[in-house]
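Each chain, letter by letter, is given below.
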Amino acid sequence: MNWYQLGKAEVEKKLACDVQKGLADKEAEKRGMKFGPNVLSSEKQTSRWLIFLKQFQDFMVIVLLAATLISGLLGEYVDAIAIMVIVFVNGLIGYFQEQKAEKSLEKLKELAAPVATVLREGAWEQIPSKNLVPGDVVKLSSGDRIVADMRIIETKGLETEESALTGESLPVLKSDQAIRTVGLEAQDQTNMAFMGTLVTKGSGKAIVTSTGMDTVMGQIATLMSTAKKTATPLEYKLAELGKILIAVALGLTVLVVVLGIVQGHPVYNMFLAGVSLAVAAIPEGLPAIVTVALSLGVQRMIRKKAIVRKLSAVETLGCASVICSDKTGTLTENRMTVKELYLNDRQFSVTGDGYDLAGKFLDSSGRDVSSSPNLEAMLLYGSICNNAELQVKKGKHLVSGDPTDGALLIAARKAGIDYKAAEMYKTIREYPFDSDRKRMSVIVEGPEKERILIVKGAPDVLLPRCSFQLGERGKELLKEPQRVGQAIDQMASRALRTLAIAVKPLPEGQLGEASMLEKDLTFIGLYGMIDPPRKEVAGAVKECREAGIKTVMITGDHELTAKAIAEQIGILPSGGKVVSGKELNEMTEKQLATVIDDVYVFARVTPAHKLKIVNAFQDKGHIVAMTGDGVNDAPAIKASDIGISMGITGTDVTKEASSLVLMDDNFATIKSAIHEGRNIYENIRKFIRYLLASNVGEILVMLFAILLSMPLPLVPVQILWVNLVTDGLPAIALGLDQPEGDVMKKKPRNPREGIFSRGLGFKIISRGILIGIVTLIAFIISYQNNPDQLTYARTVAFATLVMAQLIHVFDCRSDHSVFARNPLQNVYLVFAVISSVALLAVVIYWQPLQPIFHTMELGLREWLLILGCAALPTALFGFTKK
Ligand code: ATP
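Residues numbered from 1 in each chain as written. Predicted model: local features only at pLDDT ≥ 70, side-chain atom pairs only at ≥ 80, totals over all residues. Heavy atoms only, no water.

Asks: Honestly, the packing of aromatic side chains in this entry has me stumped. Any pointers?
Replies: In this description, a pair of aromatic rings is defined by centroid distance and the angle of the planes. Scanning the entire structure with this criterion turns up 3 aromatic pairs. Ring geometry for Y95 versus F96: centroids 5.3 Å apart, planes at 65°, classification edge-to-face. With relative accessibility at 11%, the residue Y95 sits in the buried group. Measuring from ring centre to ring centre gives 5.8 Å for F779 and Y783, while their planes differ by 5°; the resulting arrangement is stacked. Residue F779 and its partner Y783 are located together in helix α28 (residues 760-785), separated by 4 residues, close to a single helical turn. Its relative accessible area of 0% is what places F779 among the buried residues. A relative accessible area of 23% places Y783 in the partly exposed class. A cation over a ring is seen here: K14 above W3, with NZ or CZ 5.0 Å from the ring centre. K550 extends its terminal NZ or CZ atom over the ring of Y600, reaching a point 4.4 Å from the ring centre. (Phe/Tyr/Trp six-rings, centres within 6.5 Å; stacked < 30°, edge-to-face > 60°. Buried < 20%, exposed > 50% of the residue type's maximum accessible area, 1.4 Å probe, protein only. Helix = DSSP H or I, 4+ residues; strand = E, 2+ residues; numbered from the N terminus. Lys NZ or Arg CZ within 6 Å of the ring centre and 35° of its normal.)

Asks: Got a minute to help me understand the UniProt feature "transmembrane region" (unreviewed entry) in the protein chain in this structure?
Replies: Residues annotated by UniProt as "transmembrane region" (unreviewed entry) correspond here to residues 80-97, 244-264, 270-296, 687-707, 760-783, 789-807, 827-846 and 858-879. End C-alpha to end C-alpha, residues 687-707 measures 30 Å, and it is 100% helix and 0% strand. Secondary structure content for residues 760-783 is 100% helix and 0% strand, and the end C-alpha separation is 34 Å. (UniProt positions renumbered as here; feature names shortened; annotations may be inferred.)

Asks: Hey, could you run me through a positive patch on the surface in this one?
Replies: Together, R48, K100, K103, K107 and R303 give the surface a local cluster of positive charge. Tallying contributions element by element places helix α5 (residues 77-111) first for the positive patch, with 3 residues. Judged by relative accessible area, which is 45%, K107 ranks as partly exposed. (Patch = residues over 30% accessible without salt bridge, like charges linked within 9 Å, V, L, I, M, F, W, Y side chains within 5 Å. Areas by Shrake-Rupley, 256 points an atom, 1.4 Å probe, with all protein chains shown as cover. Salt bridge = Lys/Arg side-chain N within 4 Å of Asp/Glu carboxyl O. Lys, Arg positive; Asp, Glu negative; His and termini not counted. Charge placed at Lys NZ, Arg CZ, Asp CG, Glu CD.)

Asks: Looking at this structure, how should I read helix α22 (residues 607-619)?
Replies: Residues separated by three or four positions in an α-helix point in the same direction, a consequence of the helix having 3.6 residues per turn. Taking 1.5 Å per residue as the helical rise, α22 with its 13 residues ought to reach 18 Å, and the 19 Å between its terminal C-alpha atoms agrees with that figure. Residues of α22 that are buried include every one of P607, H609, K610, K612, I613, V614, A616 and F617, and no others. Of the residues one or two after α22, G621 is the one with positive phi, at around 85°. (Expected span 1.5 Å × (residues − 1).)

Asks: What should I look at first to understand the site of the ligand in this one?
Replies: Around the ligand, the surrounding shell holds 21 residues, and the nearest of these are K327, T328, R497, T498 and D557. Taking D402, its side chain carries an N or O atom lying 2.9 Å from a nitrogen atom of the ligand. Within the side chain of D405, a nitrogen or oxygen atom sits 3.3 Å from a nitrogen atom of the ligand. Relative to its unbound accessible area of 630 Å², the ligand is 93% covered by the protein chains. Here the shell around the ligand gets 3 residues from one element, more than from any other, and that element is strand β20 (residues 497-506). Here the residues of the shell around the ligand sort into 5 nonpolar, 7 polar and 9 charged. (Near = heavy atom within 4 Å. Polar contact = N/O pair within 3.5 Å; in protein donor to acceptor, adjacent residues only side chain to side chain. Nonpolar A, V, L, I, M, F, W, Y, C, P; charged D, E, K, R; others polar.)

Asks: For this particular structure, what's the right way to read the domain arrangement of the protein chain?
Replies: Where interface size is quoted, it is often the accessible area lost as the parts come together. The domains assigned to the protein chain are domain 1 (3-38 + 132-219), domain 2 (232-302 + 674-739 + 753-877), domain 3 (306-331 + 534-665) and domain 4 (337-530). Computed from C-alpha coordinates alone, the two centres of domain 3 and domain 4 are separated by 30 Å. On the domain 4 side, the residues contacting the 15 residues of domain 3 number 14 residues. In total, domain 3 and domain 4 occlude about 1100 Å² of area from one another, counting both sides; carbon and sulfur atoms represent 52% of this. Where domain 3 packs against domain 4, one counts 2 salt bridges. One salt bridge in this structure joins D460 and R604, with 2.7 Å as the shortest N-O distance. At the surface where domain 3 touches domain 4, the tally comes to 7 residue pairs in polar contact (both at pLDDT 80 or more). Per-element accounting of the side of domain 3 that touches domain 4 gives the leading share, 5 residues, to helix α19 (residues 559-568). For the side of domain 3 that touches domain 4, the residue count by class is 5 nonpolar, 7 polar and 3 charged. (Domains from an automatic or database assignment. Contact = heavy atoms within 4.5 Å. Buried area = accessible area lost by both parts, 1.4 Å probe.)

What follows is the structure, encoded as structure tokens:
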């Protein structure tokens, strides 16, 4: 017998579970041990050894090691061992960096891993889907990715899309009834839901039948796609640039070697010096450091409640020029409270805040009107056509489910109507709410076996479907719908979200398409509910505006409601336009593009409109960030430059399509992520500037010396030491630098700008040349003072090069002047510089190391010369913006 052939009770029995209570935690744990985690076995992880060995696979490093080996064989043990140790330590550092980046990306994967809503010990909870076991009772809702194979035991219009499994992209309507036919293929087992498929509509419950590799998906091994790591645009650009830089560095190195040999330097010495120089000067590690910087930035973003799903988003964030944000839940709190009612042609106010169950119904003169005709019926129908539940946790009332539905339940409780009254009505059929229909309907059977269709939804959608109204004297013709229209506008302009409710008696057996049934309805009344803006949103919108980023509200809500809230939070400037879904329908994409720069609010739109909006903004050259939560938002999220989904209310489909997930659903988090994104990019520019200027300096000092027929100012170990110490720690510390005060005061970055734009190329070359020159000057002066002691002049040159770089690192922190920022602000950098100076002192003053690093003790006079020369590049250029 297959699962689909069994009745619900048989499934329950066979899997030893209870659909009312779910599994006990202990039992779930036992089954977890037996069946293993609910995951498809993926690729094996790369071994640590391989990652370590990878650090030495670079061509020049191999040449260096070979050259060192030869020098060892020729008897230069000290140099050979020193070089080996340095190369080894360098590899070790690379290994740890890669591990760290890898770990933070792993953590990210865990955070973004799918969850399932399961019934355990009688309570619904969200657990990581890898912990699901056979026998678990699971809730399915529209937009969920199904994470195991399951037998459906309850459905409310549940439809799934199974193309991942069957290739068929049309949704399949699911049922909860047993199918007796033998030998059905997966696509015909309509009472089963399969791992990897999607819920596109409706909701339901199911019992997990198999997990992990036992699922149908697990058996089709070929369908398992292993995610490949793709390079971000910046990593790609750097890899491309790296090739050019390698060619330039190699060319210059060869020039140094050839010229050196021509001038009579021993071939072997020149070769080793050349290879060391090439290893030091070739920025082969740049893309790796960028990955480290990006992944460290990603960790900082997690702390700010933004989960980056695609590393490239970190870069694109800094270019965002428009944020299209949903209203409900992102700009507002999604904490709905019914504040007003419109009933019997009159307006009532409702007292009591939030989830407080106490409240009164008052008329305009403050009189209690709780016993008004039709009030009870309206509130009762509102709690029947409803999917939320009121729960009590630690003595406090909470709403589980849609907050709009929750608000209706609370309003009903204020009139003493609780779930018992609603339970007298048996639901025969539900037509779920979605943002396209903007309404929800149920067909119920009342205590007297009467059938009623209850419809609630956006008033302007519902009103045209009403022919009657419920007045004080009972059902009558709806003669003046414009009076209701006025009430809607009045409520909406007070920033209230409006909802209408209507009913229709149905003859028994009349079921069918929702839109066929939802006409000739009897209008009962309107709810006006408040959803306060999030506190921090107004500030965030303002900051975005200062950063050259436009915030646009996109909402399914009424135009006037949207406008009122947009004004409250400062999205809509005077003269800014509000465009409705209806107007959007009448515009072509081109027409929309001509006006879109003046539009700040799109109201009463459906998810399909979002795609049109994204395209229009992109047509105008904008980089668009777009938020979304429902299934139908996924295409627009995918099409936008930065797709943003909601961590709490978002569906799996939108999360999978997005590149950024907001753990708190909050608009202000988008602003923080953009801030961080801009900062990361600037930090990457900072260390590229530092590293390349240092490399230019190192090559040039050698080249200049040879051109002037001087001895080599630096020996191979010294060059490698500089590469390890001076170019290592401070560069990483720059990657952790704080943002320069004005990152959110600048315009968004042009995504097409090159790495060396905004003067970076000039800064690198000018500082690099100067670092080379001052090092050479220090070398020449000391050499002329003491021509017999080459070690003395080399020690001075070595110290000057190191100090010049360590002073220059502070200049790299600012686009303005070196004094624009407090040098002590970045403690990592201060620590990195102090450690580098200390290590320099060790190799100069600690006698056992002197023969290894070809150094000797220096006095105060030399230090004055070193520091004077080293400060020059920064002193000359540090004050300028250039
Ligand atoms: P956004 O999240 O994009 O800002 P929204 O959540 O306000 O938009 P929708 O959820 O599409 O927009 O709601 C649009 C309208 O549908 C609401 O103004 C309301 O009138 C109606 N509506 C909302 N929720 C429900 C519901 N659960 N049942 C019936 N009607 C609803």
